[in-house]
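One letter stands for each residue in the lines below.
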Amino acid sequence: MQVYEDQIVLPLATYGGAGPINSPDQRAFGASGLYIVLHVKTAGTTTLALRIEGKEPFEGTYYQTNVDVTVTTAVRHMWIMGKDLAKTPPGEAAATIQSAVRQLVAIPPPDTFRISIAKGDTSDWVFGVTVRRVP
Amino acid sequence: MRGGVGGRYDEQIQVARGVYTSGQSGPWIRSGPTNGALLVVRVVSAGTGNITFRIQGREPLEQTIYQLDQSVTITTAGTYVKAFGSGYKMQPQGEAADTTHANIVQIVGVHPPDEWRVSMGKSDASAWEFGVSVRLVN
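Numbering of residues begins from 1 in every chain and follows the order in which that chain's sequence is written. Throughout, the order in which chains and ligands are written sets their labels, letters from A for the former and numbers from 1 for the latter. Side-chain atom pairs in this predicted model are given and counted only at pLDDT of 80 or more, local residue features only at pLDDT of at least 70, and totals for whole chains, interfaces and linings cover all residues.

Caption draft 1: Looking closely at the overall build of chain A. Elements are defined by DSSP. Helices are runs of H or I of four residues or more, strands are runs of E of two residues or more, and each kind is numbered from the N terminus. When helices and strands are counted, chain A shows zero helices and 11 strands. Listing every helix and strand of chain A by position from the N terminus yields β-β-β-β-β-β-β-β-β-β-β. For the radius of gyration, the atoms used are the C-alpha atoms, and the globule rule reads 2.2 Å times the number of residues raised to 0.38. A compact globule built from 135 residues should have a C-alpha radius of gyration of about 14 Å, and chain A, at 15 Å, falls within 12% of that. Its C-alpha atoms put chain A at 45 × 40 × 25 Å along the principal axes. Remark: C-beta atoms are placed from the backbone, and a residue is labelled buried if 20 or more other C-beta atoms sit within 10 Å of its own, exposed if 12 or fewer do, or partly exposed between those counts. Here chain A, with 135 residues, has 38% of them falling under the buried criterion.

As structure tokens, then:
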């Protein structure tokens, strides 16, 4: 099972309307972390926010795991979930990873989760989302 | 054991969804090679008083049970999540503020003991409907 390779969870496409746009449910498959890329090809107006939502097994409701960080520009934006994460590791004077890493979320991935993209308005955005499971 | 459905790292129901008037504990979990867990409590309906969400260890000499974490007190329906294991944190180094949502009610930043379980305490005899699941992580 090739679970550690990038998987496209939302294809590169034009997304209009109010949103949110939700990926299909994903399984962690033993992963201890996630590497998520939101590739914005064409920005709309206002903002997008990427949410990593767990799905609890009793009623199937989704719960948000990360606080919203909004993006506005047409570049690659990254979210990393897992343990031992640091933008500025001890001993380093400043961040050692690029600012396109929007957020580090230092908890284990939920067993079942989805990526939800919240939109600030109904304008068209062109984007896609990939997920890499980290062993 | 890694990947696939039905493995050690898949989510396991510890306390089945049900209506409870007294405290409930999950079965004992052997940590083995795992280094942490994601614990999820789903409260479908709340009674009066509160329930407490806690992690208990068991020592092998006299099988005594000890509480490992600080109890989280729950008074309303919703989803409550604890991250358990060394290396997890609300605010990773270099982040300006907490990056986890309020649904993540606690980070217990130590390695799990050899034997542990999730225990739900209750403050009174009112009926609460809830369930508890655990996903182990390497």
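Past the structure itself, the notes keep going.
Caption draft 2: How the structure looks around the interface of chain A and chain B. By definition, residues are in contact whenever their C-beta atoms, placed on the basis of the backbone, come within 7 Å of each other. Facing 33 residues of chain A, the contacting portion of chain B comprises 36 residues. Here the element with the most residues in the side of chain A that touches chain B is strand 9 (residues 101–105) of chain A; it accounts for three residues. Each residue gets one of three labels, nonpolar for Ala, Val, Leu, Ile, Met, Phe, Trp, Tyr, Cys and Pro, charged for Asp, Glu, Lys and Arg, and polar for the others, Gly among them. Looking at the side of chain A that touches chain B residue by residue, the class counts come to 19 nonpolar, eight polar and six charged.

Caption draft 3: Inspection of the pairing of strand 10 (residues 112–119) of chain A at higher detail. Residues and elements named next belong to chain A. In strand 10, alternate side chains face the same way, and those of Phe113, Ile115, Ile117 and Lys119 are buried while those of Thr112, Arg114, Ser116 and Ala118 on the opposite face are not. Bridge count between strand 3 (residues 26–27) and strand 10: two bridges; the pairing is antiparallel. Looking at strand 10, one finds that Gln26 is bridged to Phe113. Two strands are said to pair when DSSP picks up at least two bridges between them. Inspection of the sheet shows strand 5 (residues 48–55) paired to strand 10 by seven bridges, in the antiparallel sense. Among the inter-strand pairings, Gly54 is bridged to a residue of strand 10, identified as Phe113.

Caption draft 4: Structural view of the sheet that holds strand 1 (residues 12–20) of chain B. All names here are of chain B. Strand order in this open sheet of five strands is 1-11-4-8-9, and the pairing throughout is mixed. A strand with exactly one partner marks an edge of an open sheet, and here the two such strands are strand 1 and strand 9 (104–108). Adjacent strand axes in the sheet meet at a mean angle of 10°, parallel and antiparallel pairs treated alike. Across nine bridges, strand 4 (residues 36–45) lies against strand 11 (residues 128–137) in antiparallel orientation. Across the sheet, the residue bridging to Ala37 is Leu136, located in strand 11. Between the N-to-C directions of two axes lies an angle of 0 to 180 degrees, each axis being a line fitted to C-alpha atoms and, for a helix, fitted only over the stretch in contact.

Caption draft 5: Seen up close, the sheet that holds strand 9 of chain A. All names here are of chain A. Ordered by their spatial adjacency, five strands build an open sheet running 1-11-4-8-9, and the pairing between neighbours is mixed. Two strands close off the open sheet at either side, each with one partner strand: strand 1 (7–15) and strand 9. For this sheet, the mean inter-axis angle between neighbouring strands, taken without regard to orientation, is 10°.

Caption draft 6: Structural detail: the nonpolar core. Working definition: the nonpolar core is a set of buried Ala, Val, Leu, Ile, Met, Phe, Trp, Tyr and Cys residues, joined through C-beta atoms within 7 Å. Ranked by internal contacts, the top residues of the largest apolar core, which has 55 residues, are Ile36, Ile107 and Ile115 of chain A together with Leu38 and Leu39 of chain B. Those residues within four positions of Ile107 of chain A in sequence are excluded, and the remaining contacts are Thr65 and Met81 of chain A together with Leu38, Ala83, Tyr88, Thr100 and Ile104 of chain B.

Caption draft 7: Focus on the environment of Ile13 of chain B. Inspection of the secondary structure assignment puts Ile13 of chain B in strand 1. Assessed through the 14 C-beta atoms surrounding it within 10 Å, Ile13 of chain B is described here as partly exposed. Distance from Ile13 of chain B to Val40 of chain B, taken between C-alpha atoms, is 9.5 Å for residues 27 residues apart in sequence. Setting aside its immediate chain neighbours within four residues, Ile13 of chain B contacts Pro57 of chain A together with Gly131 and Ser133 of chain B.

Caption draft 8: Examining unusual backbone geometry more closely. Of the consecutive residues Gly19 of chain A and Pro20 of chain A, the connecting peptide bond is found in the cis state with omega at 0°. Positive phi outside glycine occurs at Thr46 of chain A, with the angle close to 50°. Mapped onto the secondary structure, Thr46 of chain A falls in the loop between strand 4 (33–42) and strand 5. Of note, Gln63 of chain B is a non-glycine position whose phi angle comes to about 60°, a positive value. Within the secondary structure, Gln63 of chain B is located in the loop between strand 5 (51–58) and strand 6 (65–67).

Caption draft 9: How the structure looks around the confidence of the model for chain B. Residues with a pLDDT of 70 or more make up 96% of chain B, whose mean pLDDT is 95. The ipTM assigned to the predicted complex is 0.93, against a pTM of 0.95. pLDDT runs from 0 to 100 and stands for how confident the predictor is about each residue.

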